[in-house]
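For reference, the chains in residue letters:
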Amino acid sequence: ETDATVALVDRRDRPGGHWIDAYPFVRLHQSSSFYGVPSTDLGQDRKTQRGYNAGLFELASRNEILHYYEDLMERRYLPTGRVHYFPMAEYRDGTIVSRISGAATEVSVRRKIVQAGIMGDMATIPATHTRSFEVDAGVTCIPPNDLPDAAPGHDHFTVLGAGKTAMDTVLWILAQGVSADRITWVRPSDYWLFQRDMIMPHRDFFFSTMGSMVSELESLASAKSVKEHCLNMERIGRWQRLDPDVWPTRFHAAVCSKIEIEALRQVSDVVRLGHVRHLQAERMVLAEGVREASAKTLYIDCTARGGVILNDPEAKVFDGDTINLFMLRPFQPVFSAALIAHLEATVPDEKLRQQASQVTDFFNTPAEALMVQRQGYINQHVWNQVPGIKDWIDSCRLNAGMHVLKGLGPDDAEKMQLLGKIGPLTAAAVENIPKMVGSEEG
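Residues numbered from 1 in each chain as written. Predicted model: local features only at pLDDT ≥ 70, side-chain atom pairs only at ≥ 80, totals over all residues. Heavy atoms only, no water.

A.B. asks: Tell me what's going on with helix α14 (residues 422–438), and back it up with residues and numbers.
C.D. replies: The end-to-end C-alpha separation of α14 is 24 Å, in line with the 24 Å expected for 17 residues at 1.5 Å each. Where α14 bends most, at Asn432, the angle is about 35°, and the proline Pro434 comes one to four residues later. Turning to α14, its buried residues number three or more, namely Ile422, Leu425, Thr426, Ala429, Val430, Asn432, Ile433 and Met436. (Helix = DSSP H or I, 4+ residues; strand = E, 2+ residues; numbered from the N terminus. Expected span 1.5 Å × (residues − 1). Bend = angle between axes of the 7 residues up to and from the residue. Buried < 20%, exposed > 50% of the residue type's maximum accessible area, 1.4 Å probe, protein only.)

Printed below as a string of structure tokens:
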């Protein structure tokens, strides 16, 4: 889209960002089809044949993603001569400084500085975060990164944390043939989860994906409270909870398949006594009580805080000579980054650029998520009004909707009828969401 030159300054030693530090068995939560960069496909657009994702489209592994980004750098970006890569370095006021040698390279910023690391600096990940609890000598507590090496020889496994990392860890242990009664799961809170089967971005899943989306919009347009909406989402199968007897208070947009949810429900020893405070030789001290534990337990620490809430109503993407890579569509960071680049490259009107780049923050609760989702709908409305932006989004592989609508023609009457409901329902949802969130029951 441009002839710009880019100096990419990376604190790590190779492309891949947080994936470099991720645990080895992590995968994307959603289809590979809309992850990465717009110009290069990730994966082969094929269905998984076995395991937790059987029958659904592939989810790239950590190794696949690292190879993808390294290949992009080595075979697409650097050969252009317009991308200059500085690994193991930091940018400091006009100078790129090596974190190893200290060597400094002066650089002239002709256009803008892109701040790509703000959210990463605020977040924590399992391999590098600082624990918020004590661990006595002789007690083995590891990040999930070390689990494949540390697991052999342990009689019992205790997973600390309630989020997606903890779910991945429980699933990995179960996949090794460990019986569920050898697993204890410390869950300080419960989460609503997207059910992957109902949000699969592929034309083979058009009616389940788009049908559940329309049902969601119908609920957003009419529900009287957040609780009513949550129940509606569970009824249509778009959201699920692990324990039908426990009301989830949290939502981080994590995604699980039906098979994964069924497997996670096998673990019956769930500890709900708040956050861990102290791991001792034969007991766990938690915020709301004490739990006896086997001395041969392997503890897996999945308590890192991955989601970042900016909590700054003044946060801007386009801020003078700086571009901040925040999200413009809820929980879609790579799509948002690509759209930001497109706006910078093709929209010279500063007022329009600001209107098209309102930040969608992260969230902790369903109510917070609904308000962020509302802002996402407002952003989409702005994008739809500008043909250049709309056309780019409609053809961008990072836009999940593009994959669902692929091959759709005007003669697909049933599908077109379903799609025709989206616009009016979205408008009604934008009006109703603040009322729903503001209700006493919500």
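A.B. asks: Help me get a handle on the sheet that holds strand β5 (residues 104–106), residues and values and all.
C.D. replies: Taken in spatial order, the three strands of this open sheet run β3-β4-β5, and their pairing is antiparallel. At either margin of the open sheet sits one strand with a lone partner, and together these are β3 (89–92) and β5. Taking each pair of neighbouring strands and ignoring which way they run, the sheet shows an average axis angle of 25°. Bridge count for β3 against strand β4 (residues 95–98) is four bridges, and the pairing is antiparallel. Residue pairing in the sheet places Arg92 in a bridge with Thr95 of β4. (Pairing = 2+ DSSP bridges. Axes fitted to C-alpha atoms, helices over the stretch in contact; angles between N-to-C directions.)

A.B. asks: Go over the environment of Gln49 with me, naming the residues and quoting the values.
C.D. replies: Structurally, Gln49 is set in the loop between β1 (6–9) and α1 (62–77). Residue Gln49 is classed as exposed on the basis of its relative accessible area, which comes to 70%. In this structure the side chain of Gln49 is engaged in a polar contact, spanning 3.2 Å, whose partner is the backbone oxygen of Lys47. (Polar contact = N/O pair within 3.5 Å; in protein donor to acceptor, adjacent residues only side chain to side chain.)

A.B. asks: Which residues make up the side chain of His278, and what are the values?
C.D. replies: Mapping His278 onto the fold places it in strand β15 (residues 276–280). At 2.6 Å, the side chain of His278 and the side chain of Asp136 are in polar contact. With near-sequence residues (within four places) excluded, His278 lies in contact with Phe133, Glu134, Val135, Asp136, Arg283, Met284 and Val285. (Contact = heavy atoms within 4.5 Å.)

A.B. asks: So what's going on with helix α6 (residues 226–236)? Which residues, and what values?
C.D. replies: For α6, the complete set of buried residues consists of Val226, His229, Cys230, Asn232, Met233 and Ile236. Projected down its long axis, α6 shows its buried positions confined to an angular sector of 160°, all on one face. Buried residues along α6 sit in contact with β11 (191–195), α5 (206–222), β12 (239–240), α10 (366–384) and α14. A positive backbone phi angle near 85° is found at Gly237, which sits one or two residues after α6. (Arc of directions from axis to C-beta.)

A.B. asks: Could you give me a rundown of the sheet that holds strand β9 (residues 156–160), with the residues and numbers involved?
C.D. replies: The strand order across the open sheet built from five strands is β8-β18-β9-β10-β14, with neighbouring strands paired in parallel fashion. Two strands bound the open sheet, and with one partner strand each, they are β8 (140–142) and β14 (270–271). For β9 and strand β18 (residues 297–301), the ladder comprises five bridges, and the chain directions are parallel. Note that in β18 the partner of Phe157 across the bridge is Leu298.

A.B. asks: Quick rundown of the pairing of β1? Include the residues and the values.
C.D. replies: Where β1 meets strand β2 (residues 83–86), four bridges bridge the pair, whose relative direction is parallel. Pairing of Val9 across the sheet is with Phe86, part of β2. With respect to chirality, the unit in which β1 leads through α1 into the neighbouring parallel β2 is right-handed. (Right-handed = clockwise from strand over helix to strand, strands pointing away.)

A.B. asks: Which residues make up the side chain of Ser61, and what values do they have?
C.D. replies: Its location among the elements puts Ser61 in the loop between β1 and α1. Using a relative accessible area of 14% as the deciding quantity, one classes Ser61 as buried. Look past the residues within four positions of Ser61 in its chain and what remains in contact with it is Val26 and Arg27.

A.B. asks: Outline the nonpolar core, supporting the account with residue identities and numerical values.
C.D. replies: Counting residues in hydrophobic clusters, the biggest one holds 73 residues, and the most contacted among them are Trp19, Leu147, Ile173, Trp185, Ile300, Leu339 and Ile389. Those residues in contact with Ile389 that sit more than four places away from it in its chain are Leu339, His342, Leu343, Val347, Ala356 and Trp383. Ala253, Met327, Ala429 and Ile433 belong to the second largest nonpolar core, which has 34 residues in total. (Core = buried A, V, L, I, M, F, W, Y, C linked by side-chain atoms within 4.5 Å.)

A.B. asks: Go over the packing of aromatic side chains with me, naming the residues and quoting the values.
C.D. replies: Working definition: an aromatic ring pair is given by the centre-to-centre distance plus the angle between the planes. Applying the stated criterion across every chain yields a total of 17 aromatic pairs. A ring pair is formed by Trp19 and Tyr35, whose centres lie 6.0 Å apart and whose planes are at 80°; its orientation type is edge-to-face. Pair noted here: Trp19 is in the loop between β1 and α1 and Tyr35 is in the loop between β1 and α1, with a separation of 16 residues, a long-range link. Per residue, the accessibility class of Trp19 equals that of Tyr35, and both read buried. Measuring from ring centre to ring centre gives 5.3 Å for Tyr68 and Tyr69, while their planes differ by 75°; the resulting arrangement is edge-to-face. Every member of this aromatic cluster is reached through a ring pair, and the members are Trp192, Phe194, Trp239, Trp247, Phe251, Phe331, Phe362 and Phe363. Note that Arg187 overlies the ring of Trp185, its terminal NZ or CZ placed 4.4 Å from the centroid. In this structure, Lys415 is placed above the aromatic ring of Phe206, and the distance from its NZ or CZ to the ring centre is 5.0 Å. (Phe/Tyr/Trp six-rings, centres within 6.5 Å; stacked < 30°, edge-to-face > 60°. Lys NZ or Arg CZ within 6 Å of the ring centre and 35° of its normal.)

A.B. asks: Any chance you could break down the packing of α10 against helix α11 (residues 387–395) for me, citing the residues and the numbers?
C.D. replies: Here α10 crosses α11 at 115°, and the two axes come no closer than 6 Å. Regarding the angle of α10 to α11, the classification is roughly perpendicular. In this structure, α10 uses Gln380, Trp383 and Asn384 to contact α11, whose residues at the interface are Ile389, Lys390 and Ile393. Considered class by class, the residues forming the contact of α10 with α11 number three nonpolar, two polar and one charged. (Parallel < 35°, antiparallel > 145°, perpendicular 65-115°, else oblique. Nonpolar A, V, L, I, M, F, W, Y, C, P; charged D, E, K, R; others polar.)

A.B. asks: Just give me the short version of the pattern of salt bridges, but keep the residues and values in it.
C.D. replies: Within this structure, the stated rule accounts for 24 salt bridges. Of the charged contacts in the structure, one is a salt bridge between Arg131 and Asp301, with a shortest N-O distance of 3.6 Å. Highlighted residues: Arg131 in the loop between α2 (118–122) and β7 (134–135) and Asp301 in strand β18, separated in sequence by 170 residues. Residue class for Arg131 comes out partly exposed when judged on its relative accessible area of 33%. Residues Arg241 and Glu234 are paired through a salt bridge, measuring 2.8 Å at the closest nitrogen-oxygen approach. Residue classification places Glu234 among the partly exposed positions, given a relative accessible area of 22%. If you follow the salt bridges from partner to partner, you end up with Arg111, Lys112, Glu344, Glu350 and Arg353 in one network. (Salt bridge = Lys/Arg side-chain N within 4 Å of Asp/Glu carboxyl O.)

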